[in-house]
Amino acid sequence: MENILFIETRGMNPTGILNAAIARGYHPVIATVQGDEWRQRLLEQHIEATLLTVPRLAPQDILAAFPSRPVAVITLSDQYLEIGAEVARQLDLPHTPVDVLASCRDKQATRQLVAATTVKQPAFAKIENLESLHGVALSELVGFPLIFKPLSGHSSLGVHKFYAQSEVDDFF
């Protein structure tokens, strides 16, 4: 039976994809820093999988713990995409290049690439620092409601919605 490596998926219930892999004749191997939590979850859901409890979710730790080459590397969590891609690259498996994933996380770079196409996008402004935010007429620059997003990141962390300048001022 061939192995598929799943890199930890925090906060999600991966039962469906793990069962789908098993139904197709694959054996799931889960790399995690939370071995006890995963062990309990798999036991409760009657899923047979191998757990690789690693000290860190880092490509070198995952590769050092993996007993044999998997046929695929999968993660269902944004925060582990680059790790999964690097593990797959080192195993010479199909993957999205790590630099492409990193550039996709850079919202300014993504906006610039999209702007060069015919795809419409909402108004966007890059605010370099909190000092540059003061005195900017956001209602004229991008309009309200406005969505504030950190330039890099994942999983909607740090995203806020504001309906008026006073909310922005109070928040920052």
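See the structure printed just above.
A quick note: this is a predicted structure, and the numbers were derived from the prediction, not measured.

Visitor: Looking at this structure, I do not really get the pattern of salt bridges. What am I missing?
Guide: One side chain can pair with another of opposite charge once the charged atoms of both are near each other. Within the structure shown, the criterion is met by four salt bridges. Residue Arg41 is joined to Glu37 by a salt bridge in which the shortest nitrogen-to-oxygen separation is 3.4 Å. In this pair, Arg41 and Glu37 both sit in helix 2 (residues 35–44), four residues apart, roughly one turn of the helix. Taking relative accessible area as the criterion, Arg41 reaches 15% and is therefore assigned buried. Across the pair Arg56 and Asp61 runs a salt bridge, and its minimum N-O distance is 2.9 Å. Arg56 sits in the partly exposed class, given a relative accessible area of 44%.

Visitor: Is there a simple way to explain helix 4 (residues 81–90) in this structure?
Guide: Each α-helix winds once per 3.6 residues, and so residues spaced three or four apart point in a common direction. In terms of residue burial, helix 4 counts as a mostly covered element, since seven of its ten residues are buried. Along its buried surface, helix 4 packs onto strand 1 (2–7), helix 3 (59–65), strand 4 (72–75) and helix 5 (98–105). In the stretch just after helix 4, Asp92 is the one whose phi turns positive, near 60 degrees.

Visitor: Is there a simple way to explain the packing of aromatic side chains in this structure?
Guide: Geometrically, a pair of aromatic rings is defined through the distance of the ring centres and the angle of the planes. In total, this model carries one aromatic pair according to the counting rule given. Sitting above the plane of the Trp38 ring, Arg41 keeps its charged end 4.6 Å from the centroid.

Visitor: Before we go on, may I ask you to explain the environment of Val54 in this structure?
Guide: Assignment of secondary structure puts Val54 in the loop between strand 3 (50–53) and helix 3. Taking the C-alpha atoms as reference points, Val54 and Ala23, separated by 31 residues in sequence, lie 27 Å from one another. Not counting residues up to four positions away in its chain, the partners in contact with Val54 are Thr32, Val33, Asp61, Ile62 and Ala65.

Visitor: Is there a simple way to think about unusual backbone geometry in this case?
Guide: What you tend to see is this: most non-glycine residues have negative phi, and most peptide bonds are trans. In this chain, Phe144 is followed by Pro145 through a cis amide linkage whose omega measures 0 degrees. The backbone of His46 sits at a positive phi, close to 55 degrees, despite the residue not being glycine. With respect to the helices and strands, the residue His46 is situated in the loop between helix 2 and strand 3. Its relative accessible area of 72% is what places His46 among the exposed residues. Phi is positive for Asp92, which is not a glycine, with a value near 60 degrees. Its location among the elements puts Asp92 in the loop between helix 4 and helix 5. In this structure Asp92 comes out as exposed when scored by relative accessible area, which is 67%.

Visitor: I tried to follow the nonpolar core on my own but got confused; where do I start?
Guide: Within soluble globular proteins, side chains that are nonpolar generally end up buried alongside one another. One finds Leu5, Ile7, Leu57, Ile62, Val73, Ile83 and Val87 to be the most contacted residues of the largest nonpolar core, which totals 16 residues. For this core, the secondary structure elements donating two or more residues are strand 1, strand 2 (26–32) and helix 4. With three residues, helix 4 is the single largest residue contributor to this core. When residues no more than four places from it in sequence are discounted, the contact partners of Leu5 are Val29, Ala31, Leu52, Ile62, Phe66, Pro70, Ala72, Val73, Ile74 and Val87.

Visitor: Help me out: how do you make sense of the packing of helix 4 against helix 5 in this one?
Guide: In helix packing, the relevant descriptors are the interaxial angle and the interaxial distance, both defined with respect to the helix axes. Put simply, helix 4 and helix 5 touch, their axes get as near as 9 Å, and they point 170 degrees apart. Viewed along their axes, helix 4 and helix 5 adopt a mutual orientation that is roughly antiparallel. Between helix 4 and helix 5, the contacting residues are Leu81, Glu82, Ala85 and Glu86 on the first element and Val98, Leu101, Ala102 and Arg105 on the second.

Visitor: Help me understand the sheet that holds strand 4 in this model?
Guide: Sheets are built from strands paired through backbone hydrogen bonds, the pairs being either parallel or antiparallel. Reading across the sheet, the four strands line up as 3-2-1-4 and stay open at both edges, with parallel pairing between neighbours. The open sheet terminates on both sides in strands that have one partner only, identified here as strand 3 and strand 4. Sheet twist, expressed as the average angle between the axes of neighbouring strands with direction ignored, equals 25 degrees. Judged from the four bridges that link them, strand 2 and strand 3 form a sheet pairing that is parallel. The residue bridging Ile30 from the neighbouring strand is Leu51, located in strand 3. Each of strand 1, strand 2 and strand 4 touches helix 1 (residues 15–23); the most contacted strand, strand 2, lies at about 145 degrees to it. Lying over the sheet, helix 2 contacts strand 2 and strand 3, oriented at roughly 170 degrees with respect to strand 3.

Calculation criteria
- Residues numbered from 1 in each chain as written.
- Predicted model: local features only at pLDDT ≥ 70, side-chain atom pairs only at ≥ 80, totals over all residues.
- Heavy atoms only, no water.
- Salt bridge = Lys/Arg side-chain N within 4 Å of Asp/Glu carboxyl O.
- Helix = DSSP H or I, 4+ residues; strand = E, 2+ residues; numbered from the N terminus.
- Buried < 20%, exposed > 50% of the residue type's maximum accessible area, 1.4 Å probe, protein only.
- Contact = heavy atoms within 4.5 Å.
- Phe/Tyr/Trp six-rings, centres within 6.5 Å; stacked < 30°, edge-to-face > 60°.
- Lys NZ or Arg CZ within 6 Å of the ring centre and 35° of its normal.
- Core = buried A, V, L, I, M, F, W, Y, C linked by side-chain atoms within 4.5 Å.
- Axes fitted to C-alpha atoms, helices over the stretch in contact; angles between N-to-C directions.
- Parallel < 35°, antiparallel > 145°, perpendicular 65-115°, else oblique.
- Pairing = 2+ DSSP bridges.

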